[in-house]
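Structural description and commentary
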Amino acid sequence: MSLSIDQPTLCKSSHSRPSASSGKATPPPKRRAWYHEARLADWRSFQDIKNRYPHADVLPGNRVVFDIKGNTYRLVARINYQSGCIFIRFVGTHAAYDKIDARTI
């Protein structure tokens, strides 16, 4: 089972930059690497994520907080393990993350 992700959701962060070839926003390399790895993942439970991302945190409602680039960025995703879908709820700096409620966003 592969997880499906809507990449434009990943690109809505204010820290995205235009691609030289397309002019569309692309995430910085570390977030882009996370996206590509998540697309190929076979996560059946939070433990599968924790095995690969030891600093990931689980929240109620199948939400997971990923630390990216040494905790410079945070990515909050709601994961439906049965259907294999990741719904990205937030991507931003750690400072911006501190201003949201990751359990409800």
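Source: prediction; values computed, not measured.

Moving on: the environment of Ala-56. Tracing the backbone shows Ala-56 in the loop between helix H3 (46–52) and strand S3 (57–59). On the basis of relative accessible area, Ala-56 is assigned to the buried category, the value being 2%. In this structure the C-alpha to C-alpha distance between Ala-56 and Phe-66, which are 10 residues apart in sequence, comes to 4.8 Å. Excluding residues within four positions of it along the chain, Ala-56 makes contact with Phe-46, Ile-49, Lys-50, Val-64, Val-65 and Phe-66.

Moving on, we come to the confidence of the model for the protein chain. Per-residue confidence for the protein chain averages 78 on the pLDDT scale, and 70% of its residues sit at or above 70. Mean pLDDT values over the elements of the protein chain span from 46, in strand S1 (residues 17–18), up to 96, in S3. Under a pLDDT of 50 for its full length, residues 8–22 has, in the predicted model, 36 contacts with residues more than four places off or in other chains.

Its identity as a non-glycine residue notwithstanding, Asn-62 has a phi of 55 degrees, on the positive side. One can find Asn-62 in the loop between S3 and strand S4 (63–68). One non-glycine residue, Asn-71, lies in positive phi territory at about 75 degrees. Inspection of the secondary structure puts Asn-71 in the loop between S4 and strand S5 (73–80).

Bringing the packing of aromatic side chains into the picture now. By convention here, two paired aromatic rings are described through the distance between centres and the angle between planes. Scanning the entire structure with this criterion turns up 5 aromatic pairs. Where Trp-43 meets Phe-66, the ring centres are 5.9 Å apart and the plane angle is 25 degrees; that geometry is what we call stacked. You can see Trp-43 sitting in the loop between helix H2 (29–40) and H3 and its partner Phe-66 sitting in strand S4, a full 23 residues away along the chain. Phe-66 shares its class with Trp-43; the two are buried. Considering the side-chain rings of Phe-90 and Tyr-97, the 6.3 Å spacing of their centres and the 55 degrees angle between planes classify their relative orientation as tilted. Residue class for Tyr-97 comes out buried when judged on its relative accessible area of 14%. Here the aromatic cluster, defined as three or more aromatic residues joined through ring pairs, consists of Trp-34, Trp-43, Tyr-53 and Phe-66. Sitting over the ring of Tyr-53, Arg-52 keeps its end group 4.9 Å from the ring centre.

The rules behind these values
Residues numbered from 1 in each chain as written. Predicted model: local features only at pLDDT ≥ 70, side-chain atom pairs only at ≥ 80, totals over all residues. Heavy atoms only, no water. Helix = DSSP H or I, 4+ residues; strand = E, 2+ residues; numbered from the N terminus. Buried < 20%, exposed > 50% of the residue type's maximum accessible area, 1.4 Å probe, protein only. Contact = heavy atoms within 4.5 Å. pLDDT = per-residue confidence, 0-100. Phe/Tyr/Trp six-rings, centres within 6.5 Å; stacked < 30°, edge-to-face > 60°. Lys NZ or Arg CZ within 6 Å of the ring centre and 35° of its normal.

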